[in-house]
Amino acid sequence: MHLFSSSVEQRFWERSGRDKPDTQPPYIVVQNFPQLGFLAALRFLEWVRDHPEGVISLPTGKTPEYFIKWVRHLLENWQSRELGRLRQEFGLRLDRKPDLRGLRFVQIDEFYPIDPRHHNSFYHYVQTFYIDGFGLDPERGLFINCDTIPRPRGLALAQIFPDGCVDLSLRYRDVHSRQEEIQKEAIFLVDQWCSEYEQRIRERGGIGFFLGGIGPDGHIAFNIRGSDHHSTTRLTETNFETQAAAATDLGGIEISRNRLVITIGLATITRRRDAVAILIAAGEAKAGVVRRSLESAPDIRYPATALQALDGARFYLTEGAACQLRESRKRAYLQTPWDDRKSQRALFHLCRRLHRFGPKLTLEDLRQDPWTRHIPDLGPDTVPAILKAFRAKIDRGLRPEENQVFFHTGPHHDDIMLGFLPHIMHLVRSPSNQHYFINLTSGFTSVTNGYVYQVLERTRDFLDQNRIEMVHYPDFFTDGWSRKTGKDVYHYLDRIAEKKPEGCERGLSHRVVRNFVEIYGVGSVGELRTKIDEVMAYLRGCYPGEKNRPDVQRLKGMIREFEEELVWAHFGIQVDHVRHLRLGFYTGDIFTEQPDRTRDVAPILAALREIQPTVISLAFDPEGSGPDTHYKVLQALAEAVREWSREREVTSVRIWGYRNVWYRFDPAEADVIVPVSLNSMAVLRDTFMTCYLSQKSASFPSYELDGPFCDLDQKIWVEQHQDLELILGRDYWYRNRHPRIRASHGAVYLKEMTVDQFLSEARRLEKSMESQVLPGEPDRKAD
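Keep in mind it's a predicted model, so treat the numbers as computed, not measured.

Participant: Before we go on, may I ask you to explain the pairing of strand β16 (residues 744-754) in this structure?
Facilitator: Consecutive side chains along a regular strand alternate between the two faces of the sheet. Counting buried residues in β16 gives eight out of 11 residues, a clear majority hidden from the surface. Note that strand β14 (residues 654-658) and β16 share five bridges and pair antiparallel. If you follow Trp656 over to β16, its bridge partner there is Glu752.

Participant: Whenever I open this one, the packing of aromatic side chains confuses me. Can you help?
Facilitator: For any pair of aromatic rings, the description rests on two quantities: the centre-to-centre distance and the angle between the ring planes. Under the definition given, this model contains 36 aromatic pairs. Ring geometry for Phe444 against Tyr586: centres 5.0 Å apart, planes inclined by 75°, an arrangement best described as edge-to-face. Remark: Tyr586 occurs in the loop between β12 (578-580) and α22 (597-611) and Phe444 occurs in the loop between β11 (434-439) and α17 (449-464); sequence separation between them is 142 residues. You can call Phe444 buried: its relative accessible area is 7%. On the basis of an interplanar angle of 85° and a centroid distance of 6.0 Å, the ring pair of Tyr492 and Phe562 is categorised as edge-to-face. Of the two residues, Tyr492 is situated in helix α18 (residues 485-498) and Phe562 in helix α21 (residues 550-569); the sequence distance between them amounts to 70 residues. One exposure class covers both Tyr492 and Phe562, and it is buried. Following the ring pairs from residue to residue traces out a cluster consisting of Phe44, Trp47, Phe67, Phe105, Tyr123, Tyr125, Phe129, Tyr130, Phe134, Phe143 and Phe209. For Lys69, the ring lying beneath its charged end belongs to Tyr66, and the centroid distance is 5.5 Å. The ring of Tyr538 has Arg549 sitting right over it, with the charged end atom 4.3 Å from the ring centre.

Participant: Help me out: how do you make sense of the packing of helix α16 (residues 415-427) against α21 in this one?
Facilitator: The description of two packed helices rests on the angle between their axes and on the distance between the axes. Running from N to C, α16 and α21 cross one another at 10°; their axes reach a closest spacing of 12 Å. Looking at the two axes, α16 sits roughly parallel to α21. Contacts between α16 and α21 involve Ile416, Met417, Leu421 and Ile424 on the former and, on the latter, Glu564, Val567 and Trp568. Looking at the contact of α16 with α21 residue by residue, the classes come out as six nonpolar, no polar and one charged.

Participant: Explain the sheet that holds β14 here, please?
Facilitator: The strands that make up a sheet pair up through hydrogen bonds in the backbone, lying either parallel or antiparallel. Taking strand neighbours across the sheet as the criterion, the seven strands line up as β12-β11-β10-β13-β14-β16-β15 in an open arrangement whose pairing is mixed. The sheet is open, and its two borders are formed by β12 and β15 (672-677), each paired with just one other strand. Put simply, the sheet's adjacent strands are angled 25° from each other on average, direction ignored. Contacts from α21 reach β11 and β12 within the one sheet, and its direction differs from that of β12 by about 165°. Sitting on the sheet, α22 is in contact with β10 (405-410), β11, β12 and β13 (615-619), with an inclination near 165° to β10.

Participant: How should I be thinking about helix α8 (residues 240-250) in this particular structure?
Facilitator: Two residues of an α-helix separated by three or four positions point the same way, owing to the 3.6 residues in each turn. Most of α8 is tucked away, with eight of its 11 residues classed as buried. Taken as a whole, α8 has its buried residues at Phe240, Glu241, Thr242, Gln243, Ala244, Ala246, Ala247 and Leu250. Packed against the buried residues of α8 are β4 (109-112) and α9 (253-256). One or two steps after α8, the chain reaches Gly251, where phi turns positive at roughly 90°.

Participant: Where do I start with α16 in this structure?
Facilitator: The end-to-end C-alpha distance of α16 is 17 Å, a good match for the 18 Å that 13 residues give at a rise of 1.5 Å each. Within α16, the axis deviates most sharply at Leu421, by approximately 85°, and proline Pro422 lies no more than four positions further along. For α16, every residue scored as buried is listed here: Asp415, Ile416, Met417, Leu418, Gly419, Phe420, Leu421, Pro422, His423, Ile424, Met425 and Leu427.

Participant: How should the nonpolar core be read in this particular structure?
Facilitator: Generally speaking, soluble globular proteins have nonpolar side chains that are buried together. Judged by nonpolar contacts, the single largest core of 78 residues is most densely connected at Leu456, Val471, Phe516 and Trp568. Broken down by element, this core gets its largest block of residues, nine residues, from α21. In this structure, Val471 is in contact with Leu463, Phe476, Phe477, Val513, Val525 and Leu528, ignoring residues within four places of it in sequence. Leu347, Leu634, Phe665 and Leu759 belong to the second largest nonpolar core, which has 61 residues in total.

Participant: Help me understand the sheet that holds strand β7 (residues 260-263) in this model?
Facilitator: Read across the sheet, three strands follow the order β4-β7-β6 without closing on themselves; strand pairing throughout is antiparallel. Looking along the sheet, the strands with just one partner apiece sit at the ends: β4 and β6 (234-236). When the angles between neighbouring strand axes are averaged without regard to direction, this sheet yields 25°. For β4 and β7, the ladder comprises four bridges, and the chain directions are antiparallel. What sits directly across from Asp109, in β7, is Thr263. Contacting β4, β6 and β7, helix α7 (residues 178-203) crosses the sheet at an angle of about 135° to β6.

Participant: What am I meant to see in the pairing of β10 here?
Facilitator: Counting buried positions along β10 gives six out of six residues, so the element sits mostly inside the fold. Because side chains alternate across β10, one face comprises the buried residues Val405, Phe407 and Thr409, and the other comprises Phe406, His408 and Gly410, equally buried. Alignment of β10 against β11, held across six bridges, turns out to be parallel. The residue bridging Gly410 from the neighbouring strand is Asn439, located in β11. Each parallel crossover has a hand, and the one from β10 via α16 to β11 is right-handed. The pairing of β10 with β13 spans three bridges and is parallel. Note that in β13 the partner of Phe406 across the bridge is Val615.

Calculation notes
- Starting afresh in each chain, residues are numbered from 1 along the sequence in its written order.
- Reporting in this predicted model follows two pLDDT cut-offs: at least 70 for local features of residues, and 80 or more for side-chain atom pairs to be given and counted; totals over whole chains, interfaces and linings ignore these cut-offs and use all residues.
- To obtain the side-chain values, all non-hydrogen atoms of the structure were included, while hydrogens and water were left out.
- Residue burial is assigned from relative accessible area. The probe radius is 1.4 Å, only protein chains are included, and a residue is buried under 20% of its type maximum, exposed over 50%, and partly exposed in between.
- Strands are runs of DSSP state E lasting at least 2 residues, helices are runs of H or I lasting at least 4, and numbering of each runs from the N terminus.
- Two strands qualify as a pair provided DSSP detects at least 2 bridges between them.
- Any two rings among Phe, Tyr and Trp, with Trp reduced to its six-membered ring, count as a pair given centres within 6.5 Å; such a pair is stacked if its planes are under 30 degrees apart, edge-to-face if over 60, and tilted if neither.
- Here, a charge over a ring is recorded when the distance from Lys NZ or Arg CZ to the ring centre is within 6 Å and its angle to the ring normal is within 35 degrees.
- Geometry is summarised by axes, namely lines fitted to C-alpha atoms with helices restricted to the contacting stretch, and by angles between N-to-C directions that run from 0 to 180 degrees.
- Should an angle lie under 35 degrees it is considered roughly parallel, over 145 roughly antiparallel, and from 65 to 115 roughly perpendicular; all remaining angles are considered oblique.
- In this analysis, two residues are considered to be in contact whenever any of their non-hydrogen atoms come within 4.5 Å of each other.
- Only Asp, Glu, Lys and Arg are considered charged in this grouping, and only Ala, Val, Leu, Ile, Met, Phe, Trp, Tyr, Cys and Pro are considered nonpolar; every other residue, Gly among them, is considered polar.
- Here the expected span of a helix is defined as 1.5 Å times the quantity of residues minus one.
- Throughout, bend refers to the angle between the axes fitted to the seven residues that end at a position and the seven residues that start at it.
- Take the buried residues of types Ala, Val, Leu, Ile, Met, Phe, Trp, Tyr and Cys, join any two whose side-chain atoms come within 4.5 Å, and each joined set is a nonpolar core.
- Viewed with both strands pointing away, a crossover whose connecting path from the first strand over the helix to the second turns clockwise is right-handed.

Structure below.
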């Protein structure tokens, strides 16, 4: 069947083995994230063959990482026989190397106001990765450069909008000051510029090739949920989901919440009826918005539905991003072997669809459902057997553990706590158990410059007041600084108990002073003060979202490490049982490196050899869901466990996979279900808010909740408990003989695996993230 006019798309669709898409736009599914970039790169070069002077718009951010790498790799190695064979195999038929210099680039969007020289501006990204990286002619492009947009009286943007905030109500209301008068004039100048930008795109015939990602709310460019499908280029506000996604780029939600954007409109993208418009999405976290965008009629709630007007529109998806589509659900249920998890999942979805408790389901309900009717040996005992399996998972969550050595790992410093703190609270009560908490990256990107500045300012005050006595000990600046670090922790916790916030600040300042001696090698109080002042001056000079120099990254990471020690000291865990490995792949760059065996795997392996755990816990997020760090840490862990398993017997070692605020298990995936009481929820919030001081203001929140991660965690636990109530019925909970079940108002899900099962799952996940079938692929390290 010849479904696509593009030979590249036709070849990828044939290789996918999927049915003809039943959506408009149609979609193509590939195995993994690099193949997504490979498909987009080939289709782009195919289009350029036929439109050497065409108008193109290409995306920014992390989504196009492999698109950029593949385009460059293919062009820079055009004479390679291996790549030539690969081009032919995947449908790219070109007589000669494409010349991209004739293309006319249109920048999609930009923050406003922003300095175009800053690395987090989209203008800087476009110039770096597309104009310079692809060798495009800048004279033929249209760019959103805030320095060239007209401004009243030639004033600088910082003079017009000194706090970076733009009040669009000035479009409609009277001004109340001279400053507002200037701002109102500036807004109208931007509006006029946007109108002219739109006109210049039309004069070029409209966008011929558009490639973009899709945001958590379904936004394309910055056309957020609710955008008019006839919208054009404009200065506009964004919604919380978009602001949360932009917080990392801009240095925190405090800034992104008030930063406006200039974006081309949905009509700008669809104006040219023969345009090719491609959206790419990776990971199960995008599956819901992908389903709504593809399986809904045109609707302003789903901006991507505007692309239904284009015959050349496509979605390129990974398996994870496509998993909620009708065809994917059909494949999952009917074209793979049936097992207990599939029966549990089918029953859960039936309960949801009928809004009926599991014990109330009838055999006829199961027979009428398109999925449960396929459960093997369907009969009167089917529902009771499935409910029994769910109850067994809860029993495992209540089972006491004795004489175990726990090796708890977290990609970031709050991941373990957010993953399954209620379970750990019960496990630590047995003195026969040992607990080690292994934090694998330094987590510096989640600490704002403003928070560090505030901490340093307070530390300097305590020094001036002579309230950090240890700096006067005769050996402090030689080796005394490295001793009794646990004292800072217990000083801090004692002050929490006494409800003395200033005492907590002193405890943190004690640790920061130790950090300064370690990082900078200061040898006296005078040198310490001078260095604190120098770092504060540096922070004042940084623009929001700027990548910090290495010493400040290290300082931020050490602040997070202290916070983690505070958390586990709540439960009697000694400081030397909280380890900080600071894996080297974590750099803060937009495209980060892959884990290195020597640099990143070796420290984990050394810790495994030393501690000899019986239970290993780890963040277990699916492909492309959650921060990129989670996946890379998982692969480093898997390689370390694989090496360790060659050295000793590991058949009795258990692996616990947890998820937290980034993605969730469904009830069928979980092997262990831990009931969560209101008391556990209270402990979670109190501990989070008193220890993770750099995180309590939620500067880098999830798009799901405008607040700290502890509140989102509780929301997830409650929703998971509600799912279980639906499955098992409410009577099971409030009339149960076990007090912990009666007290439960939330639930934590864990996946328990053997070492072999974990390594198999990690390998499957690796295949979903990294290309294993494409020879000659580009280097995965950052450019």
